[in-house]
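Residue-level structural notes
Listed here are the chains, written in short residue letters.
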Amino acid sequence: MARYSSTILCRLSFYGEEEKKMKYFLGLDLGTGGIKSVLFDQNGKEITFALQEYPLYQPYNGWAEQEPEDWYNAAVATIRKVVKQADVPAEAIIGIGIAGQMMGAVLLDGNGEPLRKAILWNDQRTGEATKAMAERVGADRMLKVTCNPPREGLTAAKIFWVEQNEPEVFAQTAHILLPKDYVRYRLTGEFATEVSDASATQLLDTPGRCWSDEMMAALDIAPGMLPKVYESYQITGTLRPEVARAVGLSEKVVVVGGAGDNAAASVGTGVVAAGRAMTTIGTSGVVFAFTNRPALDPKGRVYTFCTAVPDAWHMMGLVNSAGLSLKWWRNGFYPDDEDYLQIDKEIAKSPIGANHLIYNPYLMGEASPYWDVNARGSFVGLSAIQTRKDLTRAVMEGITFALKESMDIYREIGVDPKVMRMCGGGSKAPIWRQMMADIYNIPVALPAGVSENSAALGAAILAMVGTGTYSDVPTACDQIVSLRDEQYLPNSDASAKYEKLAKIYRKVYPALQDIYRDLRNLEL
């Protein structure tokens, strides 16, 4: 979760002649804060990476936008630097997979040019549009077709918002893409997507893994506006000649479907079979569980999407402001603590429960299980005895309690993983690993590789399968992905204390729900 102000390079190893005969694959991880391009060999060994940030625009409270061109420029810059930095022949790099932030909306004109900034996954402007969309389509029908009830955060609501509020933009829209698929379009010239990302648009027939004509017609989306849907490992195109020259690769390099960031991370952590689960903490936080059927939470508190394995799905609980909460706190109160080391030390000095203090991480509204765009962050229980270290601990505990609410839902409907795989930037902190084990009350394990690069590895594995290097995704994961020997086991005393705190945590949102709404709607 360290903050970087410029492109960063890291060379991990050098190779002899025998290793240079290997095949190599790029995994691109298009995040909210920046894009990371990571090079792996066919055994999943990380070779080198480059990272570049780009701006986030928030013109109004609750809005979140980015320039699609920034993503593409950062992708080209990081790929070029990885190719230059890597001690491998460029011709040995044969495939690219892209993992990407989900649920965004990129609207292009007939020439493929963006008509406006992209509306991101964490944008909260679509409350009224979602209600109108639900009335037009029917909430029960949307749940049956898409496996999810109407949600403000999903792409369909953003498209409908544009149709209602920017009709001149919608009238010019010829193509609608997801963020990673815009990067694919610029790299290959192809309008394409894949099932894991597409199922978060609320326009996909999720059980059937294809676009829903019913949803498209209901929302005035003409045939051809949405890209062709592939399975995540399938080849969608090759590099355009001018792109290949710019990055130093062959025009024959293939680009596969890739996956939404969390589905890609599930591949990179080996969550590709029933009974496996992971928690990833980046800007958002996700609790992800694999299933062989499109299982539903009857109360609609968590998502059900296609996963990156054919004929498989996953349930996903989303906390909008997980790592974002800690980064916000760091920026305001530890501005020089780029690697969060001081934060970790201070948290260790505060007791479990942060001296009776609770934090709700709702800086950008909240998704699972409340689905409330009005929700906002809060500290509850502040008193004169608390110091900065207690508030810092409360932030990390509050994020983890929010994640635990999705775990509780899975257990309620019969999904009860025995070990939690942890990845993302938050996984770098040993104190957070132990806290998660204690709050979840199950062991926490990490991938043997660089856990914060799990999404990039997953995207690269999909490229390996697409090029025939491996026969299928589970086989590739079984051969590539392993867990570290170390496990973080729950401490029974700590788990008991945290369960008492969790009962209070669950009372806070219902008690403040009306206040959050009134504050957001207040006109002064």
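Under an unreviewed UniProt entry, the chain has the name Xylulose kinase and belongs to Pseudoramibacter alactolyticus ATCC 23263. According to its UniProt record, the chain has this under Function (unreviewed entry): "Catalyzes the phosphorylation of D-xylulose to D-xylulose 5-phosphate." Its UniProt record, at the heading Catalytic activity (unreviewed entry), says of the chain: "D-xylulose + ATP = D-xylulose 5-phosphate + ADP + H(+)".

**A closer look at helix H14 (residues 430-440)**
Judged by how many residues are buried, H14 sits mostly within the fold: eight of 11 residues are covered. Residues of H14 that are buried: Trp-432, Arg-433, Met-435, Met-436, Ala-437, Asp-438, Ile-439 and Tyr-440. Backbone geometry just downstream of H14 places Asn-441 in the positive-phi region, at approximately 65°.

**Comments concerning the confidence of the model for the chain**
Here the chain averages 93 in pLDDT, while 96% of its residues score no lower than 70. Taken as a whole, residues 1-16 scores under 50 in pLDDT and shows 52 contacts with residues more than four places along the chain or in a different chain.

**Remarks on the packing of helix H13 (residues 388-412) against helix H17 (residues 492-521)**
Closest axis-to-axis distance for the H13/H17 pair is 10 Å, and the angle between their directions is 80°. Taken together, the axes of H13 and H17 are roughly perpendicular relative to one another. Residues Arg-393, Glu-397, Gly-398, Phe-401, Ala-402, Lys-404, Glu-405 and Asp-408 of H13 touch H17, and the partners they reach there are Tyr-498, Glu-499, Leu-501, Ala-502, Tyr-505 and Arg-506. When its residues are assigned to classes, the contact of H13 with H17 shows six nonpolar, one polar and seven charged.

Rules behind the numbers
Residues numbered from 1 in each chain as written. Predicted model: local features only at pLDDT ≥ 70, side-chain atom pairs only at ≥ 80, totals over all residues. Heavy atoms only, no water. UniProt positions renumbered as here; feature names shortened; annotations may be inferred. Buried < 20%, exposed > 50% of the residue type's maximum accessible area, 1.4 Å probe, protein only. Helix = DSSP H or I, 4+ residues; strand = E, 2+ residues; numbered from the N terminus. pLDDT = per-residue confidence, 0-100. Contact = heavy atoms within 4.5 Å. Axes fitted to C-alpha atoms, helices over the stretch in contact; angles between N-to-C directions. Parallel < 35°, antiparallel > 145°, perpendicular 65-115°, else oblique. Nonpolar A, V, L, I, M, F, W, Y, C, P; charged D, E, K, R; others polar.

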